[in-house]
Amino acid sequence: MNKPVYYINGVGSISPQRTFNNDEFLPEISSYIENKLDCVLPEFKDYINPIQLRRLSRMLRAGLSAAIICLRDSNNQQPDGIITSTGDGFLRDTNKFLNEIFEFNEKQLTPTYFMQGTHNALAGLVALTLKCKGYNNTYVTSGLAFETSLHDAMMQLNADPDKTFLLGALDERDDAQYKIHLRTDNYKKEKINSRSLFDNPTRGTLQGEGTCFFSLSGQPGSNVWGLLKDVKVIHKPENANEIRSALHEVLTANDLRADQLDVLVNGVSGDVIHDQLLAEIVETELSFLPEVRFKHLCGEYCTASSFGLWLGLSILKKQVIPASVLFNGKKPKNPIKHVLLLNQYFGRNYSFILISSC
Amino acid sequence: MQSVEELIPQLKLLIIKQLNLESVTPDAFDSDMPLFGEGLGLDSIDAIELIVLLDRNYGIKLADPKEGRKIFQSVRTMAEYVQQNSKK
Amino acid sequence: MSPRVFVTGYGIISAIGNGSEENFQSLVNRKMGYGSIEILETIHREDLPACEIKLTDAQLYAIAQVKNFSGYTRTALLGVIAAREAIHRAGLSQQQIRKAGILSASTTGGIRELEKYYFELQDNSLDGYFDVFSDTGNPGEHTERIAEVFGIKGYLSTISTACSSSANAIMQGAELIKNGIIETAICGGSESLSKFTLNGFNTLMILDKEQCRPFDKTRSGLNLGEGAAYLVLESEVSMNASDKKPLAEVVGYGNTNDAFHQTASSPDGGGAYLAMQQALKMGSVKPASISYINAHGTATENNDLSEGLAIQKLFANNVPAFSSTKPFTGHALAAAGGIEAVFCMLAINKQMIFPSINFNQQMEELNIAPVKDLLRDVDLRYVLSNSFGFGGNTSSLLFGSVENE
């Protein structure tokens, strides 16, 4: 049996940078100085009708808009199924509802925050908007939520390559969670400029958010961004060797040697402890590659690897690496064919995503 | 106790706030316009939000969402109900 | 032909018992879990009865065989307890467990602990035991904890599709096996009662203060529940390597979206119909071959009408025996699909159909009625289990007996 092929036929991204216009590629870089990165939002009315807009929270608006951007980009308005992922869900509505519980002592609470706080709210909303009665699922596997949703889409396409799945990741930043994670050193204690995230070898990272949608199919569309070749996950590796063997497995399974890769997208977060294993792998296995980083642009969140995938696909499609993300100054080969994304979330969850041009 | 005519503008503001009706101004919000279906296009979740609004602002408790159907026909019917039942 | 997937073990803890044997006895003896809330701290202990597991967290730590106060949430503890029974019943070796996948569903994970220490956690001047709960609002956290207890390394996944979550986890387990990614999957879900969900459902005005009455004319809402349940699924390869006898086969499944409303089901049950139809199609099973449906049957006005109409439409004049076991366990949200999948295993293995207790008055809109009393000695060849949720998520699992193979 031939190895199945997964085409990424469209993308839509809303992030703390201006990424919602697919004709541009990081035209300007926003800096943040409070260790918290909020999405740069588009005009929602370009994507969502006013009646629907009314009740939707900020991130549900962003998520639905990203889905519509992706659909328009893929020239396919009717997917066969919708798969979303989120680590922490709609944190602001969840916390608003928790605050109401305490403020009103469990009485006279409003249903909207509760409804919109549920993790599958976006998948339901997109299905409702598109009248898509097909497959619908939501993954919340912490720092591997996006990766497990990719696996689901790949398996769905193995069963029927003619189908198209709309895949979306979303996480939302929230102040209560920021304070809570400060306790465990997950965010930096000192305030830094987000652009200098990697100049501060201290504990913690920046709190980010974002939503990215991808249109996946076993068949090429009219606007292919790249091929999804492999997704590998490692939960709590005991040492760097566990990650190293996963890397070799990915390369072997795709008939590639490390020196055939063109770009490394490195999901280090700027946390001196959590980045240790990835730093070791990059140094010993992949140091000759042009290295791109992204968490200084989007911050850290459970599904941040979806931003990494968006970045990798953009590099493949536009065949350029913006100076704002290139880290070691190494020039890529021409053309750029294979991009490997490495990610870690809070030092617990690790993943590899391999993408290639057609 | 406030009159129905006094309650109407007050309710309009509360409804706009509770239901996030950003694009609706109180002037364009006719007191006799149907709230559900054709008029403002509200749905079952809005009905529950209105029940919470009555409870928080007027101390009126509706246990069954179905009771709301009659009361929430228009801002005027709501004002009339509040006028007769307010506990505050 | 697609590879076959077998069920080799199951485990459960719910308001009607710890372990499948206790649950089975309660189902046979019409023992319900309904009552005042005693463990969860809430002002609604009396006015919003639920199906609560009457065990404190300290007791759950002991049953789960996890070191006391080591930061496990109630959801994680319930998960460990149910998964331990499932692994034990399946007789998995250490090697199998290590290479297995754990797929656990939860709507809110450990929000119960987060809400308990919500303000303390945000106050940096305070220090204390509650630090361990800083990330438990994340529903994926409980799955990582379960994996840690048993040393599961093969695959981890958490699904959250409201009340259909664990049905989708079972589906995902079967898919991972069919695609050769893992040979063994421990899949289901865990949910504990919390202020968050109790008040959330209360705001939607769909909680019944009385015992819930699925498919009854007088039904007026659901009772919440808590619990955890898992199936162990194994591949044909894995089965052939041992002399184990499977308990049942996962023959088919369907996952669709109703695409009607954010919280309500469509009046005609469009999504439910499609999900059941897909499950039958995947298993090449005719509607007439279905012996029993464990309905979602939450006892909300909306769900039971929508589901009832979907069943009538799909099975026409040949509607199989169906019942909702929600009055026993309450609606355990993300764990419901797992709990009911275990009940389907018990039904197949014990050749019984568990009743829809609390059913008395026929719904006018339907011409079908659920099974009211326990049925014994029924040959259950194929069984459907429905799970539907907010966001339009509708799923249906189709299990087959392996008795005659």
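Cut-offs used in this document
- Residues numbered from 1 in each chain as written.
- Chains lettered and ligands numbered in written order.
- Predicted model: local features only at pLDDT ≥ 70, side-chain atom pairs only at ≥ 80, totals over all residues.
- Heavy atoms only, no water.
- Helix = DSSP H or I, 4+ residues; strand = E, 2+ residues; numbered from the N terminus.
- Rg over C-alpha atoms; globule rule 2.2 N^0.38 Å.
- Contact = heavy atoms within 4.5 Å.
- Lys, Arg positive; Asp, Glu negative; His and termini not counted.
- Charge placed at Lys NZ, Arg CZ, Asp CG, Glu CD.
- Core = buried A, V, L, I, M, F, W, Y, C linked by side-chain atoms within 4.5 Å.
- Buried < 20%, exposed > 50% of the residue type's maximum accessible area, 1.4 Å probe, protein only.
- Buried area = accessible area lost by both parts, 1.4 Å probe.
- Salt bridge = Lys/Arg side-chain N within 4 Å of Asp/Glu carboxyl O.
- Polar contact = N/O pair within 3.5 Å; in protein donor to acceptor, adjacent residues only side chain to side chain.
- Nonpolar A, V, L, I, M, F, W, Y, C, P; charged D, E, K, R; others polar.
- Pairing = 2+ DSSP bridges.
- Phe/Tyr/Trp six-rings, centres within 6.5 Å; stacked < 30°, edge-to-face > 60°.
- Domains from an automatic or database assignment.

K.L.:
Please set out the overall build of chain B residue by residue, giving values where relevant.
P.N.:
The number of helices and strands found in chain B is 4 helices and 0 strands. Along chain B, helices and strands appear, N-terminal first, in the series α-α-α-α. Here the C-alpha atoms of chain B give a radius of gyration of 12 Å, agreeing with the 12 Å that 2.2 N^0.38 yields for 88 residues. Considering only intrachain contacts with a sequence separation of at least 6, the fraction spanning at least 24 residues in chain B is 58%. Seen as two clouds, the 10 positive and the 14 negative side-chain charges of chain B have centres 8 Å apart.

K.L.:
So what's going on with the nonpolar core? Which residues, and what values?
P.N.:
Core analysis: the biggest nonpolar cluster contains 97 residues, and Phe214, Leu228 and Leu311 of chain A together with Leu231, Leu233 and Phe399 of chain C have the highest contact counts within it. The element best represented in this core is helix H14 (residues 336-350) of chain C, accounting for 9 residues. Setting aside anything within four residues of it in sequence, one finds Leu233 of chain C in contact with Val5, Phe6, Val7, Ile170, Gly173, Ala174, Ile177, Glu183, Thr184, Ala185, Cys187 and Val250 of chain C. The next biggest cluster of nonpolar side chains, apart from the first, holds 32 residues, and it includes Phe97 of chain A together with Leu40, Ala162 and Phe201 of chain C.

K.L.:
Pulling in residues and values, what's your account of the interface of chain C and chain A?
P.N.:
Contacts between chain C and chain A engage 62 residues on the former and 56 residues on the latter. Overall, the association of chain C and chain A removes approximately 5,200 Å² of surface from exposure, summing both partners, and the carbon and sulfur fraction of that is 55%. The interface formed by chain C and chain A includes 5 salt bridges. In this structure, the salt-bridge partner of Glu144 of chain C is Arg348 of chain A, at a minimum N-O distance of 3.1 Å. Linking chain C with chain A are 35 residue pairs in polar contact (both at pLDDT 80 or more), by the criterion used here. Going through the elements one at a time, helix H5 (111-116), helix H6 (118-122), helix H7 (141-150), strand E6 (155-159), helix H8 (165-178), helix H9 (195-203) and strand E9 (248-257) of chain C are the ones with two or more residues in the side of chain C that touches chain A. Sorting elements by how many residues they give to the side of chain C that touches chain A places H9 of chain C first, with 7 residues.

K.L.:
Before we move on, can you summarise the interface of chain A and chain B with the specific residues and values?
P.N.:
With 11 residues of chain A in contact, the opposing surface of chain B contributes 16 residues. Buried area between chain A and chain B, both sides added, is near 1,100 Å², and the carbon and sulfur share of it is 45%. Three residues, Arg54, Arg55 and Gln108 of chain A, lead the burial of chain A against chain B; their summed loss comes to 56% of the area buried on that side. Across the chain A-chain B interface, the total number found is 4 salt bridges. Between Arg55 of chain A and Asp43 of chain B there is a salt bridge, and its shortest N-O distance comes to 2.6 Å. Linking chain A with chain B are 8 residue pairs in polar contact (both at pLDDT 80 or more). With 3 residues, helix H4 (residues 111-117) of chain A is the single largest residue contributor to the side of chain A that touches chain B. Of the residues assigned to the side of chain A that touches chain B, the class counts are 4 nonpolar, 3 polar and 4 charged.

K.L.:
Describe helix H1 (residues 20-28) of chain C, with residues and values.
P.N.:
All names here are of chain C. Every buried residue of H1 is listed here: Ser20, Asn23, Phe24, Ser26, Leu27 and Val28. Elements in contact with the buried residues of H1: strand E1 (5-14), strand E2 (17-18), helix H3 (74-90), helix H13 (326-329) and H14. Of the residues trailing H1, Arg30 is marked for its positive phi of about 55 degrees.

K.L.:
Describe the pairing of strand E1 (residues 6-14) of chain A, naming the residues involved and giving the relevant values.
P.N.:
All names here are of chain A. Most of E1 sits inside the fold, with 9 of its 9 residues counted as buried. As paired elements, E1 and strand E5 (residues 210-217) share 7 bridges and run antiparallel to each other. Note that in E5 the partner of Ile8 across the bridge is Leu216.

K.L.:
So what about the packing of aromatic side chains? Which residues, and what values?
P.N.:
By the definition in use, this model includes 24 aromatic pairs over all chains. Arranged with centres 6.1 Å apart and planes meeting at 15 degrees, the rings of Phe102 of chain A and Tyr118 of chain C form a pair that is stacked. Of this pair, Phe102 of chain A sits in helix H3 (residues 91-103) while Tyr118 of chain C sits in helix H6, which puts the two residues in different chains. Phe102 of chain A sits in the partly exposed class, given a relative accessible area of 26%.

K.L.:
Go over the pattern of salt bridges with me, naming the residues and quoting the values.
P.N.:
Counting across every chain of the model gives 45 salt bridges over all chains. With a closest N to O distance of 3.1 Å, Arg76 of chain B and Glu5 of chain B form a salt bridge. Pair noted here: Arg76 of chain B is in helix H4 (residues 75-85) and Glu5 of chain B is in helix H1 (residues 4-18), with a separation of 71 residues, a long-range link. We classify Glu5 of chain B as exposed; its relative accessible area is 52%. When the shortest N-O distance is used, the salt bridge between Glu340 of chain C and Lys326 of chain C registers 2.8 Å. With Glu340 of chain C in helix H14 and Lys326 of chain C in helix H13, this residue pair connects regions lying 14 residues apart in the sequence. With respect to class, Glu340 of chain C is no different from Lys326 of chain C; both count as buried.

K.L.:
So what's going on with the domain arrangement of chain A? Residues and values would help.
P.N.:
Residue and element names in this part refer to chain A. In terms of domain boundaries, chain A breaks down into domain 1 (6-217) and domain 2 (226-356). For domain 1 and domain 2, the distance between their C-alpha centres works out to 21 Å. Each partner contributes to the interface: domain 1 provides 54 residues, whereas domain 2 provides 48 residues. Taking both partners together, domain 1 and domain 2 bury about 4,000 Å²; carbon and sulfur atoms supply 68% of that area. Seen at the junction of domain 1 and domain 2, the total is 1 salt bridge. Counting across the interface, domain 1 meets domain 2 through 19 residue pairs in polar contact (both at pLDDT 80 or more). Listing elements by their share of the side of domain 1 that touches domain 2, those giving two or more residues are E1, helix H6 (145-159), strand E4 (164-171) and E5. Per-element accounting of the side of domain 1 that touches domain 2 gives the leading share, 6 residues, to H6. Residues that form the side of domain 1 that touches domain 2 fall into these classes: 24 nonpolar, 21 polar and 9 charged.

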